[in-house]
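The primary structure of each chain is shown beneath.
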Amino acid sequence: MTPPPRNSLDGFHATKSAQRADALVRAFFDAVNIGDEAGMDSALARGFQSYSIDGVRSRTGLKRYFADLRRAFSDLRYEVHENVGVLVEDDLVALRTIIVGTHAGGYAGLAATGEPIQTSASHFFRVRDDQLVEHWQVVDTYRILARLGAVPGVAATFQQVLGMPPSPDGIFVEKLGTAFDAPRQGRPVTRQESRAVGRRLYDGAITTGRAEDVDALAEGYIQNTGWTPDGRANFGKAWAVGRGAMPDGRAVHTLVVAENDRVATISNWDGTVTASGNAVDFQSADFLRIEDGVAAEHWDTVDYIRLYQSFGLLPA
């Protein structure tokens with residue numbers, strides 16, 4: 001029998017506390033997947049708070065949120081995106097989950113359709129005394145709503161701007177990316193270097209809008225998610241377009257977690273879209289794999305519903 005691929009529990013973390021934090025968030029999502037409220041209570045502190053752009057949930061509120069999702073989607077599962085891994089820095093933990101299920105109950109005013117869904121949610125947790133005390137998440141609900149026909153598949157608009165083939169059904173194609181246990185290339189990477197590369201990426205083409213400001217990316221940069229194709233030149237071109245559409249738009253990192261050759265961030269975006277006059281107000285979570293001093297690979301979760309509302313592509 002072929003052994004399962006190695007993941008971040010297999011020698012990635014340097015400390016026992018980081019190893020426990022990795023195991024803790026996995027145990028929490030195992031409990032979520034089977035509706036085990038006692039298991040969730042074991043992982044969540046009584047004073048736990050979960051933050052999103054929609055507001056704050058208590059421990060009870062978060063359990064209710066997951067119960068509502070399980071009623072809406074049979075066989076709902078939050079799978080740790082093992083190609084990304086679980087990152088731990090001090091008392092913060094970051095991971096990306098892939099969500100799958102079947103639309104079997106009411107969701108966002110829609111009766112059951114029987115359609116399978118898949119999307120992502122990125123999570124940052126704070127750990128204290130081996131329990132989760134705070135939680136920040138970014139969820140891509142656009143992929144669900146577009147799959148169910150509740151919103152038009154407007155993602156293809158960005159492909160058209162870049163001269164690319166449109167996304168099937170208006171939903172970006174997502175790749176798993178390089179396996180976590182793939183042989184590492186180049187020299188070992190420190191947490192500090194990963195953090196610095198993540199900062200350089202945002203200070204480059206994303207901020208300046210100049211297509212040539214992509215020195216933080218590898219020539220063969222891999223974009224596993226989102227609206228840009230692989231390659232640093234394509235990334236620069238895409239952000240020249242993006243900056244042109246929202247010249248005063250800015251992404252402010254609110255949380256950063258770096259470990260070894262990985263860095264994860266949550267960003268709040270604000271500014272104004274010139275064409276629509278709408279305020280920019282959405283969040284993104286980004287995970288990067290660093291190699292030889294540059295970002296070699298990227299995964300993200302974006303609140304595309306609010307992004308498209310800002311651009312006037314969806315009603316607010």
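Everything discussed here concerns the structure shown above.
K.L.:
Tell me about the overall build of the chain, and name the residues and values.
P.N.:
Of regular secondary structure, the chain possesses 8 helices and 12 strands. Its C-alpha atoms give the chain a radius of gyration of 19 Å, near enough to 20 Å, the size a compact globule of 316 residues would have. Along the three orthogonal principal directions, the C-alpha set of the chain runs to about 50 × 50 × 40 Å. Counting across all 316 residues of the chain, residues that qualify as buried make up 54%. Relative to all contacts within the chain whose residues are 6 or more apart in sequence, the contacts with residues 24 or more apart total 63%. Here the chain displays about 13,600 Å² of accessible surface, and carbon together with sulfur accounts for 52% of that area. Where the 32 positive side-chain charges of the chain centre and where its 40 negative ones centre are 2 Å apart.

K.L.:
Can you explain the pattern of salt bridges? Please cite residues and give values.
P.N.:
Under the criterion given, the structure shown has 27 salt bridges. As a salt-bridge pair, Asp-41 and Lys-63 come within 2.7 Å of each other at their nearest N and O atoms. Highlighted residues: Asp-41 in helix α2 (residues 37-43) and Lys-63 in helix α3 (residues 59-72), separated in sequence by 22 residues. Exposure remark for Lys-63: the relative accessible area of 10% places this residue in the buried category. Ionic pairing is found between Lys-175 and Asp-230, a salt bridge with its closest N-O pair at 3.0 Å. Pair noted here: Lys-175 is in the loop between α5 (156-162) and α6 (191-208) and Asp-230 is in the loop between β8 (217-223) and α7 (232-245), with a separation of 55 residues, a long-range link.

K.L.:
Explain unusual backbone geometry to me, and be specific about the residues and the numbers.
P.N.:
With phi around 50 degrees, Asn-260 is a residue other than glycine that occupies positive phi space. As for its placement among the helices and strands, Asn-260 is situated in the loop between β9 (250-259) and β10 (262-272). At Asp-292, a residue that is not glycine, the phi angle is positive and equals roughly 50 degrees. With respect to the secondary-structure elements, Asp-292 resides in the loop between β11 (279-291) and β12 (294-302).

K.L.:
Mind laying out the sheet that holds β10, listing which residues take part and the relevant values?
P.N.:
If you trace the 5 strands from one edge of the open sheet to the other, you get β8-β12-β11-β10-β9, paired in mixed fashion. One side of each edge strand has no neighbouring strand; the edge strands of this open sheet are β8 and β9. Between one strand axis and the next, the sheet turns through 25 degrees on average, direction left out of account. Pairing of β9 with β10 involves 9 bridges; the strand directions are antiparallel. Bridging from a neighbouring strand, Val-256 pairs with Thr-265 of β10. The strands that α6 touches are β8, β9, β10, β11 and β12; relative to β9, the one it contacts most, it runs at about 160 degrees.

K.L.:
Could you give an account of the pairing of β12, with specific residues and numbers?
P.N.:
Counting buried positions over the 9 residues of β12 gives 9, a clear majority of the element. Where β8 meets β12, 3 bridges bridge the pair, whose relative direction is parallel. When the bridges of β12 are listed, Leu-217 appears paired with Ala-295. Connecting β11 to the antiparallel partner β12 that follows it, the hairpin turn spans 2 residues, and Asp-292 within it adopts a positive phi of roughly 50 degrees.

The rules behind these values
- Residues numbered from 1 in each chain as written.
- Predicted model: local features only at pLDDT ≥ 70, side-chain atom pairs only at ≥ 80, totals over all residues.
- Heavy atoms only, no water.
- Helix = DSSP H or I, 4+ residues; strand = E, 2+ residues; numbered from the N terminus.
- Rg over C-alpha atoms; globule rule 2.2 N^0.38 Å.
- Buried < 20%, exposed > 50% of the residue type's maximum accessible area, 1.4 Å probe, protein only.
- Contact = heavy atoms within 4.5 Å.
- Areas by Shrake-Rupley, 256 points an atom, 1.4 Å probe, with all protein chains shown as cover.
- Lys, Arg positive; Asp, Glu negative; His and termini not counted.
- Charge placed at Lys NZ, Arg CZ, Asp CG, Glu CD.
- Salt bridge = Lys/Arg side-chain N within 4 Å of Asp/Glu carboxyl O.
- Pairing = 2+ DSSP bridges.
- Axes fitted to C-alpha atoms, helices over the stretch in contact; angles between N-to-C directions.

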